[in-house]
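# Fold and geometry: a report
For reference, the chains in residue letters:
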Amino acid sequence: MRAAKKLRPDWWDPTGARHGGLPTYWWRGAPDGLMTRRQLRAAGLRPGGQDIAAQVVWRRRRRVQVAYLYRVDLAKPKRLVTTAQLIALDRAIAARRTCPTCRVVRGYCIPLSLGECVGCAYPDATEHDAAPDSLLERQAA
Ligand SMILES: [Zn+2]
């Protein structure tokens, strides 16, 4: 532990004795099996409600930085989109596709430049675009 001795004791506390039980490691000194939230996300995982398992501490421009680590073995796969989220998304999309002038839900987002659907902006142009299936219907199919 010669290398660790040179570190400030605050930065090397694997048992967490000096950090209220939270194991503390020097940056890059953390054991395998622990990841930051960002690293988990990059690996397609999320903490999944587990408590913070440890923290890493490092210095950057004279300021001490802390990142929390989570156990990879307790992490869960990224949550799939829920039905409620799909409904909300459908509503948001429908709102953007609804023409404020004629109230018709179009198959495209109402162009901000026009402020209304193409049919209203250019009444002479022929149009045959029905609104597509909702995301929910598409998922069920
Ligand atoms: Zn319209």
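Residues numbered from 1 in each chain as written. Predicted model: local features only at pLDDT ≥ 70, side-chain atom pairs only at ≥ 80, totals over all residues.

### Focus on the overall build of the protein
Scanning the protein for helices and strands turns up five helices and six strands. Beginning at the N terminus, the succession of helices and strands in the protein can be written as α-β-β-α-β-β-β-β-α-α-α. By residue count, 13% of the 141 residues in the protein fall in the buried class. Taking the contacts inside the protein whose residues are at least 6 apart along the sequence as the reference set, 45% of them involve residues at least 24 apart. (Helix = DSSP H or I, 4+ residues; strand = E, 2+ residues; numbered from the N terminus. Buried ≥ 20, exposed ≤ 12 C-beta atoms within 10 Å, placed from the backbone. Contact = placed C-beta atoms within 7 Å.)

### Focus: the nonpolar core
If you look at the biggest cluster of nonpolar residues, it comprises twelve residues: Tyr25, Ala30, Leu34, Met35, Leu40, Ala53, Ala54, Val56, Val57, Leu69, Tyr70 and Ala75. Contributions of two or more residues to this core are made by strand 2 (34-36), strand 4 (54-60) and strand 5 (63-71). The dominant element in this core, judged by the number of residues it contributes, is strand 4, at three residues. In contact with valine 57, not counting residues within four places along its chain, are Trp11, Thr24, Trp26, Trp27, Val64 and Val66. (Core = buried A, V, L, I, M, F, W, Y, C linked by C-beta atoms within 7 Å.)

### Some details on the sheet that holds strand 1 (residues 24-26)
As summarised here, the arrangement of the four strands in space is 1-4-5-2, forming an open sheet in which the pairing is mixed. A single partner strand is all that each edge strand has here, and the edge strands are strand 1 and strand 2. The average angle at which neighbouring strand axes cross in this sheet is 40°, direction not considered. Bridge count for strand 4 against strand 5 is seven bridges, and the pairing is antiparallel. The partner of alanine 54 across the bridge, within strand 5, is leucine 69. (Pairing = 2+ DSSP bridges. Axes fitted to C-alpha atoms, helices over the stretch in contact; angles between N-to-C directions.)

### Regarding the environment of proline 77
Position of proline 77 relative to the elements: it lies in strand 6 (residues 76-77). Take proline 77: there are 10 C-beta atoms within 10 Å of it, and that puts it in the exposed class. Separated by 32 residues in sequence, proline 77 and leucine 45 place their C-alpha atoms 4.4 Å apart. Apart from the residues within four sequence positions on either side, proline 77 is in contact with Gly44 and Leu45.

### Describing the environment of tryptophan 58
Note that tryptophan 58 resides in strand 4. The contact partners of tryptophan 58, leaving out residues within four places of it in the chain, are Trp26, Trp27 and Gln65.

### What about the pairing of strand 5?
Looking along a regular strand, one sees the side chains alternate between the two faces of the sheet. Direction of pairing for strand 2 relative to strand 5: antiparallel, over a ladder of three bridges. The residue of strand 5 that forms the bridge with methionine 35 is tyrosine 70. The turn joining strand 4 and strand 5, which pair antiparallel and follow one another in sequence, is formed by two residues; a positive phi near 50° is taken by arginine 61.

### Let's talk about unusual backbone geometry
Notably, arginine 62 is not glycine yet its phi reads approximately 70°, a positive angle. Topologically, arginine 62 is positioned in the loop between strand 4 and strand 5. Among the residues examined, arginine 62 registers 5 C-beta atoms within 10 Å and is labelled exposed.

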